[in-house]
Amino acid sequence: QVQLVESGGGLVQPGGSLRLSCAASVSLSGFYTMAWYRQAPGKQRDLVAAITYGGTTNYADSVKGRFTISRDNAKNTVNLQMNSLKPEDTAVYYCRRGTAVWGQGIQVTVSS
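Just so we're clear, the structure is a prediction, and the values are computed from it rather than from any experiment.

Student: For this particular structure, what's the right way to read the nonpolar core?
Tutor: Judged by nonpolar contacts, the single largest core of 27 residues is most densely connected at W36, L80, M82 and Y93. Per element, the largest residue contribution to this core is 4 residues, and it comes from strand 3 (residues 18-24). Look past the residues within four positions of Y93 in its chain and what remains in contact with it is E6, L20, W36, Y37, R38, V48, F67, L80, M82, G105, I106 and V108.

Student: Can you walk me through the sheet that holds strand 8 (residues 77-82) in this structure?
Tutor: Working definition: the strands of a sheet are paired by backbone hydrogen bonds and lie parallel or antiparallel to each other. Taken in spatial order, the 4 strands make up an open sheet running 1-3-8-7, and their pairing is antiparallel. The open sheet has two edge strands, strand 1 (4-7) and strand 7 (67-72), and neither has a second partner. In this sheet, neighbouring strand axes are inclined to one another by 15° on average, regardless of whether the strands run parallel or antiparallel. In this sheet, strand 8 lies alongside strand 7 in antiparallel orientation, the contact comprising 6 bridges. Paired with D72 across the strands is T77, a residue of strand 8.

Student: What's the story with the pairing of strand 7 in this structure? I'm lost.
Tutor: Remember that side chains alternate between the two faces of the sheet whenever the strand is regular. Residue alternation in strand 7 divides its side chains into a buried set, F67, I69 and R71, and an unburied set, T68, S70 and D72. The antiparallel pairing of strand 7 with strand 8 creates a hairpin that spans 4 residues between the two strands, and N76 there sits at a positive phi of about 55°.

Here is what the cut-offs are and how they apply
- Residues numbered from 1 in each chain as written.
- Predicted model: local features only at pLDDT ≥ 70, side-chain atom pairs only at ≥ 80, totals over all residues.
- Heavy atoms only, no water.
- Core = buried A, V, L, I, M, F, W, Y, C linked by side-chain atoms within 4.5 Å.
- Buried < 20%, exposed > 50% of the residue type's maximum accessible area, 1.4 Å probe, protein only.
- Helix = DSSP H or I, 4+ residues; strand = E, 2+ residues; numbered from the N terminus.
- Contact = heavy atoms within 4.5 Å.
- Pairing = 2+ DSSP bridges.
- Axes fitted to C-alpha atoms, helices over the stretch in contact; angles between N-to-C directions.

Keep in mind these numbers describe shape, not what the thing actually does.
Written out as structure tokens, the structure is:
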């Protein structure tokens, strides 16, 4: 089965940085947009950032200028560099391939 596994989450203080990685069990050489979503308790799952196969990116307004999404098709990985983290960034972050495949999610907690 197609699998996406997130890593790099954890606890960080406000203003700190984390780098999330998504490792795919399949090649990323196809025409799939990769994306990161997040979901806080009691909230809907929202798009954080997306990147097309060609490298075009899109970000939620709340993370523009702070987060950067990237992909390495040779390594079948998608990354999310998160800087200047805020408590409101606390959520479970999910990697997504196209419109059908989701990772299990990884916790990011921003707290002092």
